[in-house]
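# Topology and contacts: notes
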Amino acid sequence: MVNGDKIDQIIDHKLFTEADIHEMCARLGQQLTEDYAGKKPLVVGALKGAVYFLTDLTRQMDLQEELDFMDVSSYGDGFESTGEVKIITDLAADVTGRDVLIVEDIVDTGLTLKFMKDLLAKRGAKSVKCCVLLNKEERRTTDVEIEYYGSKVGNEFVVGYGMDFMNMYRNLPYIGVLKPEIIASLSEK
Ligand code: 5GP
Ligand code: MG
Ligand code: MG
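Thresholds applied
- Residues numbered from 1 in each chain as written.
- Chains lettered and ligands numbered in written order.
- Predicted model: local features only at pLDDT ≥ 70, side-chain atom pairs only at ≥ 80, totals over all residues.
- Helix = DSSP H or I, 4+ residues; strand = E, 2+ residues; numbered from the N terminus.
- Buried ≥ 20, exposed ≤ 12 C-beta atoms within 10 Å, placed from the backbone.
- Core = buried A, V, L, I, M, F, W, Y, C linked by C-beta atoms within 7 Å.
- Contact = placed C-beta atoms within 7 Å.

A separate point is the environment of I87. Mapped onto the fold, I87 is located in strand β4 (residues 81–89). I87 gets classed as partly exposed once you count the C-beta atoms within 10 Å, which come to 13.

This brings us to the nonpolar core. Taken as a class, soluble globular proteins show a tendency for nonpolar side chains to be buried jointly. One finds V44, F53, L57, V100, I102, V103 and C131 to be the most contacted residues of the largest nonpolar core, which totals 48 residues. Setting aside chain neighbours within four positions, we find F53 in contact with V103, D105, L133, Y161 and G162.

Put simply, L47 and K48 share a cis peptide bond, and its omega is -10°. Structurally, the position occupied by K48 is in the loop between β2 (42–46) and α2 (51–58). The residue N167 is not glycine, and still its phi comes out positive at about 70°. With respect to the secondary-structure elements, N167 resides in the loop between β8 (158–159) and β9 (175–178).

What follows is the structure, encoded as structure tokens:
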């Protein structure tokens, strides 16, 4: 929150409630449980946005999965991708021969996921797929396959459930759209 503002003074409208999110995690978890049956996937969470989604999703996956994290950034503090992707924190695990599932909060241009998928494939992963909560399909500029996603969203900037604006609002339990005046006032600072 900003200067102690109440959250309903900041959020324009809710896009997904906690129940909506739970339903998406349950559906995706069930699908992944079927598709990865008999495998021991390495689940790679993209920090920091995917943390909330990853913890709920993996608890719906009835598999012998292993977790790891990677922080890859193509965004500054604002809204637009800089177009440049860099590794902030690398994986601890060796991906050679592993079935890797990248978990990401939201895919926009696709640059971040394209970079991660190519990198992990180059390092010798047996398979590299991704599961994202939200898919901003119309914004895609990169040819990257999104094997699993929770829901499509339009061209709006969303926050909550891991997703931030200037590193705030990640801890909202639901997903909402910020009021335009909040975006304008914070962008000036
Ligand atoms: P891409 O590389 O696909 O353009 O960007 C992906 C990253 O940008 C996401 O992982 C997320 O961190 C950020 N991003 C894209 N759209 C949104 C949005 O609507 N809200 C927030 N909070 N982050 C977004
Ligand atoms: Mg992200
Ligand atoms: Mg961000």
